[in-house]
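An overview of the molecular structure
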Amino acid sequence: GVQFLHCIRQAQAGGESEVVDGFHAANRLRAENPEAFRILTSLRVDFTDTGADYCDFSVQSKNRIIDVDCDGQVVRINYNNATRDSVLDVPLDQVQPFYSALKAFVELMCRPESTVTYHMKPGDVVTFDNWRLLHGRRSYVSGPGDKRHLEGAYLDWDEVMSRLRILERAIRGES
């Protein structure tokens, strides 16, 4: 979906944001290591996220790391080490190839030319396609009473596209 990150308070030092275009990285992987691309677009892995925030949640899904459409175009990246299940539910002979393929993808994403780094200031808001853009941050130092604080929010693409269709009709003067 669409993710929003609002910087409320930045760290004393460090905390720079890093982003990678996952679609570009996936297409580079397809060109440089077709077998790794094939594995990451075919094997499904489990993702689990359980906890409490403004409500209790227990989200479970089974996804490919790289999703492609019927034409082979990359349409979504599912990469989150924090929620990828620690149990890899694939046949034993596919475990090592999976991790080798994942390592090749991660190494490609970590290349300096693949990463954009920026520093958010209090009041800054970034918005991005969370199915395409991978995001993280560098280490940081905060003191007591001066903790780094970012607030995040998400919108499903269905909501965004619905609103765009309604606005488009309104602009054209249709009911």
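The sections below set out a description of the structure shown in this document. Computed from a predicted model, the values in this text were never measured in an experiment.

**Quick word on the packing of aromatic side chains**
Tallied over the entire structure, the rule returns one aromatic pair. Geometrically, the ring pair formed by F98 and Y99 is edge-to-face, given 5.2 Å between the ring centres and 70° between the ring planes. Look at Y99 and you get partly exposed, because its relative accessible area is 35%.

**Re the pattern of salt bridges**
Under the definition given, this model contains eleven salt bridges. With a shortest N-O distance of 2.9 Å, R172 and E174 are connected by a salt bridge. What makes R172 partly exposed here is its relative accessible area of 47%. One salt-bridge network, held together by shared partners, links R28, E32 and R111.

**As for helix α3 (residues 95-109)**
Look at α3: 21 Å from first C-alpha to last across 15 residues, which is about the 21 Å you get at 1.5 Å a residue. The complete set of buried residues in α3 reads F98, A101, L102, A104, F105, L108 and M109. The buried residues of α3 occupy an angular sector of 155° when projected down its axis, which confines them to one face. Seen from the buried face of α3, the exposed residues on the opposite side, beyond 90 degrees, are Q96 and K103.

**Considerations on the sheet that holds strand β3 (residues 17-21)**
Judged by pairing direction, the sheet is antiparallel, and its three strands sit side by side in the order β8-β3-β10 without closing on themselves. Looking at strand neighbours, the two that pair on one side only are β8 (115-118) and β10 (133-137), the edges of this open sheet. Neighbouring strand axes in the sheet, compared pairwise and without regard to direction, differ in orientation by 25° on average. Sheet topology note: the β3/β8 ladder contains four bridges and is antiparallel. Looking at β8, one finds that S17 is bridged to Y118. Packed onto the sheet, helix α1 (residues 22-32) meets β3 and β10 and runs at close to 50° relative to β3.

Rules used in this analysis
Residues numbered from 1 in each chain as written. Predicted model: local features only at pLDDT ≥ 70, side-chain atom pairs only at ≥ 80, totals over all residues. Heavy atoms only, no water. Phe/Tyr/Trp six-rings, centres within 6.5 Å; stacked < 30°, edge-to-face > 60°. Buried < 20%, exposed > 50% of the residue type's maximum accessible area, 1.4 Å probe, protein only. Salt bridge = Lys/Arg side-chain N within 4 Å of Asp/Glu carboxyl O. Helix = DSSP H or I, 4+ residues; strand = E, 2+ residues; numbered from the N terminus. Expected span 1.5 Å × (residues − 1). Arc of directions from axis to C-beta. Pairing = 2+ DSSP bridges. Axes fitted to C-alpha atoms, helices over the stretch in contact; angles between N-to-C directions. Contact = heavy atoms within 4.5 Å.

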